[in-house]
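The lines below spell out each chain.
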Amino acid sequence: MSIIVFAEEWNNQFKKASFEAVSYAKSWAELAGTTVTAVTSRGAADPAALATYGADRIVTIVLAATPYGIAQQLAAMAEGAAGMVIAGTSIGRSIAPALAALAGGALSTNTTSIPTGTAPVTVVRGAFSSKGIETIELTGGLPMVSFVPNSVGIQERAGAGAVESMDTTGTDLLQVTEKTIASGKVALPEAEVVVSAGRGLKGPENWAMIEELASVLGAATACSKPVSDIGWRPHSEHVGQTGIQVNPNLYIAIGISGAIQHLAGVSASKTIVVVNTDAEAPFFKAADYGIVGDAFEVVPQLVNAMRAFKAGQ
Ligand SMILES: Cc1cc2nc3c(=O)[nH]c(=O)nc-3n(C[C@H](O)[C@H](O)[C@H](O)COP(=O)(O)OP(=O)(O)OC[C@H]3O[C@@H](n4cnc5c(N)ncnc54)[C@H](O)[C@@H]3O)c2cc1C
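Model, not experiment: these values are computed from the prediction.

**Some details on helix H2 (residues 67-75)**
The α-helix advances 3.6 residues per turn, and as a result positions three or four apart in sequence lie on the same side.
In step 1: All of the buried residues along H2 are Gly 69, Ile 70, Ala 71, Gln 73, Leu 74 and Ala 75.
In step 2: Looking at the buried positions of H2, the neighbouring elements they touch are strand S1 (3-7), strand S4 (36-41), strand S5 (57-61), strand S6 (83-87) and helix H3 (90-103).

Written out as structure tokens, the structure is:
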């Protein structure tokens, strides 16, 4: 009756969200008086690292190529489990619903809390595009949680951590024929700092300063929906209700009005800084810090100030 957690890797390295997932599973397991079994790809360079975050048993498998295939593999291990945990990364969000259907799971998506009770398992989740929160009880199936990355944090807490390999196959319903991977940039869904810009930037030629600020801060770049719709930026940067939902420690919004659909995808950010010429822009109501000013004057100053700060460190 273990809590099973899927630990995702990328280029053989664990994602930060995977350590958070194992930490999550351990907190739940402590509450339930049980252990944690982490399942990961046989390609992971250092599976034993998961023990640092509380995995009592680490199972490596040859992962299927697609989320549905992975869901099948995890479902095959679900019998007798006390619960399942998956980080709400892009891949995790694809796996979780299929896994719930295959394993008869009671799934909480968009979860932002460790279980507060175990009989039944009770968690808090974002509802209505995270404009509200609700407390739900996972009844009527194997309790499963997909949590928002960066919402519960990573905790080091050793487990026994023995590594073993297992053979399990999943049927990929799709064949991946070609993969193109953007490299050299911080991945938006997992970024701790996001520099985001909107239509106030006037045109794609003005994004150099946004990328410069992102580079100085080690941040990912993002944009509002119209910006990607017009083709100023790629759709992969569009955040909001109909785009990627982000949850960074710092979200800097430049020349974005703060429409409700945009806020739906970014309002869970821990600290929000807004730069806008219009003091009445709705985004200021959601901001922790606001600068009423022209992005073309403010952003270069921010870049210089950050550079000077880093040089002085
Ligand atoms: C069903 C639906 C779903 C949607 N989903 C999304 C979504 O997921 N994400 C999303 O972003 N939007 C979404 N939208 C669109 C949303 O309603 C807004 O239209 C959009 O977010 C506005 O983008 P913006 O703030 O970049 O542009 P604008 O609304 O044009 O705002 C530009 C802002 O820049 C400021 N500005 C202008 N010049 C400067 C300057 N020099 N320096 C600093 N500031 C300046 C202005 O004061 C203004 O506040 C959705 C809409 C619908 C109907």
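**Some words on the site of the ligand**
In step 1: Lining the immediate environment of the ligand, one finds 26 residues, of which Ser 224, Thr 242, Ser 257, Gln 261 and Asn 276 sit closest.
In step 2: Within the side chain of Gln 261, an N or O atom sits 2.7 Å from an oxygen atom of the ligand.
In step 3: The separation between a nitrogen atom of the ligand and a polar side-chain atom of Asp 294 is 3.0 Å.
In step 4: Within the complex, 75% of the 990 Å² of free accessible area of the ligand lies under protein.
In step 5: Where the shell around the ligand is concerned, the elements lending two or more residues are helix H5 (225-230), helix H6 (260-266) and helix H8 (295-311).
In step 6: Classifying every residue of the shell around the ligand gives six nonpolar, 15 polar and five charged.

**Some remarks on unusual backbone geometry**
In step 1: The linkage connecting Ala 119 with the following residue, Pro 120, adopts the cis geometry, with an omega of 0 degrees.
In step 2: The residue Pro 120 is located in the loop between strand S8 (117-118) and strand S9 (121-127) in this model.
In step 3: Phi is positive for Asn 11, which is not a glycine, with a value near 55 degrees.
In step 4: In this fold, Asn 11 is placed in the loop between strand S2 (9-10) and strand S3 (13-14).
In step 5: Judged by relative accessible area, Asn 11 falls into the exposed class, the value being 60%.
In step 6: Located in the positive-phi region is Asn 110, a residue other than glycine, with phi close to 60 degrees.

**Focus on the domain arrangement of the protein chain**
In step 1: Assigned domains within the protein chain: domain 1 (3-165) and domain 2 (188-311).
In step 2: In this complex, domain 1 contributes twelve residues to the contact, which on the side of domain 2 involves twelve residues.
In step 3: Overall, the association of domain 1 and domain 2 removes approximately 940 Å² of surface from exposure, summing both partners, and the carbon and sulfur fraction of that is 40%.
In step 4: The interface formed by domain 1 and domain 2 contains one salt bridge.
In step 5: The salt bridge partner of Lys 16 is Glu 192, with a shortest N-O separation of 2.9 Å.
In step 6: At the boundary of domain 1 and domain 2, one finds four residue pairs in polar contact (both at pLDDT 80 or more).
In step 7: The class makeup of the residues in the side of domain 1 that touches domain 2 is two nonpolar, seven polar and three charged.

**Observations concerning the packing of H2 against H3**
In step 1: In contact at an axis separation of 8 Å, H2 and H3 are set at 45 degrees when each is read in the N-to-C sense. Taken together, the axes of H2 and H3 lie oblique to each other. The way H2 lies across H3 gives a crossing that is right-handed. Contact residues: Pro 67, Tyr 68, Ile 70, Ala 71, Gln 72, Leu 74 and Ala 75 in H2; Ser 94, Ile 95, Ala 98, Leu 99, Leu 102 and Ala 103 in H3.
In step 2: Considered class by class, the residues forming the contact of H2 with H3 number eleven nonpolar, two polar and no charged.

What counts, and where the lines are drawn
Note that residues are indexed from 1 along each chain, following the sequence as it is written. Restriction of local features to residues with pLDDT of at least 70 applies here, the model being predicted, together with a cutoff of 80 or more for giving and counting side-chain atom pairs; totals for whole chains, interfaces and linings are based on all residues. Side-chain measures here rest on the full set of heavy atoms in the structure, leaving out hydrogens and waters. Remark: exposure states derive from per-residue accessible area (1.4 Å probe, protein chains only) relative to the maximum for the residue type, with buried under 20%, exposed over 50%, and partly exposed in between. Runs of H or I in DSSP of at least four residues are treated as helices and runs of E of at least two as strands, each being numbered from the N terminus. We call two residues in contact whenever any of their non-hydrogen atoms come within 4.5 Å of each other. Near residues are defined by distance, with any heavy atom within 4 Å of the molecule or strand qualifying the residue. Within 3.5 Å is the distance limit for a polar contact, defined as a pair of N or O atoms, with the added protein rule that one can donate a hydrogen and the other accept it, and that residues adjacent in sequence qualify only through two side-chain atoms. We get accessible surface area from the Shrake-Rupley algorithm with a probe of 1.4 Å; when it comes to residues, only the shown protein chains can shield them. Residues were grouped as follows: Ala, Val, Leu, Ile, Met, Phe, Trp, Tyr, Cys and Pro as nonpolar; Asp, Glu, Lys and Arg as charged; and all remaining residues, including Gly, as polar. Where each domain begins and ends follows an automated or database-derived domain assignment. Buried area counts how much accessible surface, traced with a 1.4 Å probe, disappears from two parts once they are put together, with both parts' losses summed. Basic side-chain nitrogens of Lys or Arg form a salt bridge, by our definition, when they fall within 4 Å of a carboxyl oxygen of Asp or Glu. A fitted line through C-alpha atoms serves as each axis, taken over the contacting stretch for helices, and the angle formed by two N-to-C directions is quoted from 0 to 180°. Reported orientations rely on four angle classes, namely roughly parallel under 35 degrees, roughly antiparallel over 145, roughly perpendicular from 65 to 115, and oblique for the rest. Each crossing gets its hand from how the near helix is turned against the far one by less than a right angle, where anticlockwise is left-handed and clockwise is right-handed.

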